[in-house]
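The lines below spell out each chain.
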Amino acid sequence: MKYIITLFISLSFLFKASPQNPEEVVKSIFDNALTDNTAEEHLLYLCKNTKGRIPGSQQALHAVRYTMNALIEAGADTVWLQEVPVPHWERGNELAVLKSRLGALELTISALGLSVGTGPGGIDAKLIEVHDFKQLTEIGTGRIKDKIVFFNRPVDNTIINTFSGYAGAVDQRVSGASEAAKFGAMAVIVRSPTQAMHDFVHTGVVRYKEDIPRIPAVCLSPNDANLLSRWLKEDKEAVLHLVSDCKNYPDTISFNVIGEITGYEKPGEYITVGGHLDAWDISEGAHDDGGGCVQSIETIRLFHELEVKPRRSIRAVMFMNEEMTSTGGQVYADEAGKRGEIHYAALESDRGVMSPLGFGFGNADDERLEELFQLAKYFEPYGIRYFARGGGGSDISPLRRFNTLQIGYIPDSQRYFWFHHSANDTFEQVNIREMQMGSAAIASLIYLIDLYDL
Ligand SMILES: [Zn+2]
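The rules we used
Residues numbered from 1 in each chain as written. Predicted model: local features only at pLDDT ≥ 70, side-chain atom pairs only at ≥ 80, totals over all residues. Domains from an automatic or database assignment. Contact = placed C-beta atoms within 7 Å. Helix = DSSP H or I, 4+ residues; strand = E, 2+ residues; numbered from the N terminus. Nonpolar A, V, L, I, M, F, W, Y, C, P; charged D, E, K, R; others polar. Core = buried A, V, L, I, M, F, W, Y, C linked by C-beta atoms within 7 Å. Buried ≥ 20, exposed ≤ 12 C-beta atoms within 10 Å, placed from the backbone. Pairing = 2+ DSSP bridges. Axes fitted to C-alpha atoms, helices over the stretch in contact; angles between N-to-C directions. Parallel < 35°, antiparallel > 145°, perpendicular 65-115°, else oblique. Expected span 1.5 Å × (residues − 1). Arc of directions from axis to C-beta. Right-handed = clockwise from strand over helix to strand, strands pointing away. Left-handed = near helix turned anticlockwise from the far one by under 90°.

Engineer: Help me get a handle on the domain arrangement of the protein, residues and values and all.
Structural biologist: By the assigned domains, the protein splits into domain 1 (18-89 + 250-452) and domain 2 (93-245). One C-alpha centre belongs to domain 1, the other to domain 2; they are set 34 Å apart. Contact with domain 1, which involves 16 residues of that partner, is made by 15 residues of domain 2. Residue assignment for the side of domain 1 that touches domain 2 shows that the elements contributing at least two residues are β1 (78-90) and α13 (416-419). Sort the elements by how many residues they give to the side of domain 1 that touches domain 2 and α13 lands first, with three residues. Split into classes, the residues belonging to the side of domain 1 that touches domain 2 amount to nine nonpolar, six polar and one charged.

Right under this line is the structure:
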């Protein structure tokens, strides 16, 4: 009798684990994601109530509390916070006025994250426009010293992959300050790295090199970058009055937020799905990356609500501090190592939440890739066809040390850099249906990888 009861329990468990065939499970995931409005409510809350949730801010802690509750409500069986050391930097008053013989021109600027400030009184200096670091070196110390260097190389719009285009211009923002300081520059003003032509400023982090003086770094809207360039051609002696009264404070503590559904067969093996909870202080962080966080919470909600029982443990992670020093991803991997966890696969959504194209797979051998590509047939009915080699994301990349499969969620990115790191990245710029096509695609992929041991 005891044997029969045990058998009955295990059979019913199996039955519950896979009540339908995989195509039907995937369809039920898409049906639910496209008709339920929990995700929209979460994104709206994060955008409007935790706007400007830069690492080290109260808004970021507000977002931590909110998403912790959201994961509990989504049906995670375990939810916890993981302490993360983060920088504490605050923007101050900002003003940039070009004083030239043509008159005064006020420019739309934004300090770069972690930049040193000019002090409240600002600085006044002549400008020198440069295209790249090679030209900067050719011009050399004589003409750079005591000037403000204006980096004005636009993103190459002929590059179809917008992330590659961005990557080709972002060195000015990230490293321009130290490169210019080598030649005695007083500050740098950088054209925003974006394919868009508009008045929004796209900020981001600046990284200073050791042993080189730290100088203030700000970025400039693309329209104003063109304007400034034209004015400088008319008057090379024009002087920029630049105020950027930002400040760096000692590091502080924030948190990764983690919610888990424990696997019924291999609870010690993990599949992580995540986005980053922090966002730039001038932004609502809708596409970057509130949407990715919401899609991760949705993965938990969809598994729970549709009673899709995962064999392995599924973890949704809201990583903290991706934008400044990426400590959230480091801490998550370090803790995984200490606990001896087996990280089977990890997926990151941090490329905006426009319509899904598919997925990129990294850290997998040819055989595993071949098997993963076979999954494409489940996504055909949803118009999701991109299954390619190479992918991941900055928060999950520290898991590579455990040989974890890296998966990057790939939406159509043609509009992404209209929003990225700017005040234009608002809730209103997200098409909820597109975001939810992504949520469903992500949850379905994780379900299939777990089901088929891929
Ligand atoms: Zn991001």
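Further notes follow.
Engineer: Summarise the nonpolar core; cite the residues concerned and give the values.
Structural biologist: In terms of nonpolar packing, the biggest core is built from 88 residues, with L277, I300 and I446 touching the most fellow members. In terms of domain composition, this core takes at least three residues from each of domain 1 (18-89 + 250-452) and domain 2 (93-245). In contact with I300, not counting residues within four places along its chain, are L71, A74, G75, A76, G259, I261, I314 and A316. Listed in part, the 42 residues of the second largest apolar core include V149, I215, L228 and L242.

Engineer: How would you sum up unusual backbone geometry? Please name residues and give values.
Structural biologist: For the peptide bond that leads from D288 to D289, omega is 0 degrees, which places it in the cis range. Mapped onto the fold, D289 is located in helix α9 (residues 286-305). Despite not being glycine, E307 has its phi angle at roughly 55 degrees, a positive value.

Engineer: Tell me what's going on with the sheet that holds strand β3 (residues 103-107), and back it up with residues and numbers.
Structural biologist: Across a sheet, strands are paired by hydrogen bonds formed along the backbone, either parallel or antiparallel in direction. If you trace the eight strands from one edge of the open sheet to the other, you get β3-β2-β9-β5-β6-β7-β8-β4, paired in mixed fashion. Edge strands, defined here as strands with exactly one partner in the open sheet, are β3 and β4 (109-111). Geometrically, the sheet is characterised by an average inter-axis angle of 30 degrees between neighbouring strands, direction not taken into account. Note that strand β7 (residues 187-191) and strand β8 (residues 217-220) share four bridges and pair parallel. The partner of V190 across the bridge, within β8, is C219. Across the face of the sheet, helix α5 (residues 133-144) comes into contact with β5 (123-130) and β6 (148-151) while running at roughly 150 degrees to β5. Strands in contact with helix α7 (residues 171-181) are β6, β7 and β8; relative to β7, the strand with the most contacts, it is inclined by about 155 degrees.

Engineer: Would you mind going over the environment of V353 in detail, with residue names and values included?
Structural biologist: Positionally, V353 belongs in the loop between β13 (342-348) and β14 (356-362). For V353 and I139, which are 214 residues apart along the polypeptide, the C-alpha to C-alpha distance reads 42 Å. Beyond its immediate stretch of four places on either side in the chain, V353 contacts H287, G291, G292, Q295, P411, V430, E434, M435 and G438.

Engineer: Lay out the packing of helix α4 (residues 58-74) against α9 in plain terms, naming residues and giving numbers.
Structural biologist: Where α4 contacts α9, the two axes come as close as 8 Å, and the packing angle between them is 20 degrees. Classified by the angle their axes make, α4 and α9 are roughly parallel. Where α4 approaches α9, its residues T67, A70, L71 and A74 are matched on the opposing element by C293, I297, I300, R301 and H304. Broken down by class, the residue content of the contact of α4 with α9 amounts to six nonpolar, two polar and one charged.

Engineer: Which residues make up helix α8 (residues 222-234), and what values do they have?
Structural biologist: For α8, which comprises 13 residues, the first-to-last C-alpha distance of 19 Å matches the rise-based estimate of 18 Å (1.5 Å per residue) to within 8%. On its buried side, α8 packs onto β2 (94-100), β3, β5, β6, β7 and β8.

Engineer: Can you tell me about helix α3 (residues 38-49), naming the residues and giving the values?
Structural biologist: Here α3 is twelve residues long and its end C-alpha atoms lie 16 Å apart, about the 16 Å a rise of 1.5 Å per residue gives. Among the residues making up α3, those that are buried are A39, H42, L43, L46 and C47. Along α3, the residues classed as buried sweep out an arc of 125 degrees about the axis, all on the same side. Facing away from the buried side of α3, by more than 90 degrees, are the exposed residues E41 and K48.

Engineer: Hey, could you go over the pairing of β6 for me, with residue numbers and the actual values?
Structural biologist: Alternating positions in β6 separate into two faces, I148 and F150 on one and V149 and F151 on the other, with burial throughout. Strand direction decides the pairing type here: β5 and β6, joined by four bridges, are parallel. If you follow L127 over to β6, its bridge partner there is I148. The parallel pair β5 and β6 is bridged by α5, and the resulting crossover is right-handed. Where β6 and β7 come together, four bridges link them in parallel fashion. Across the sheet, F150 pairs through a bridge with I189, a residue of β7.

Engineer: I'd like a description of the packing of helix α2 (residues 22-33) against helix α14 (residues 432-452), backed by residues and values.
Structural biologist: Put simply, α2 and α14 touch, their axes get as near as 8 Å, and they point 155 degrees apart. Considered as vectors, α2 and α14 are oriented roughly antiparallel to each other. Crossing angle aside, the handedness with which α2 passes α14 is right-handed. Facing P22, V25, V26, I29, F30 and A33 of α2, the residues of α14 in contact are Q436, S439, A440, A443, S444, Y447, L448 and L451. Within the contact of α2 with α14, the residues separate by chemical class into eleven nonpolar, three polar and no charged.

Engineer: Describe the pairing of strand β11 (residues 266-276), and please don't skip the residues or the numbers.
Structural biologist: Where β11 lies against strand β12 (residues 312-319), eight bridges are found, and the strand directions are parallel. Counted as the bridge partner of H276 is F319 from β12. The β-α-β motif built from β11, the intervening α9 and the parallel element β12 has right-handed crossover chirality. In this sheet, β13 lies alongside β11 in parallel orientation, the contact comprising six bridges. Directly across from V273, in β13, lies its bridge partner L347.

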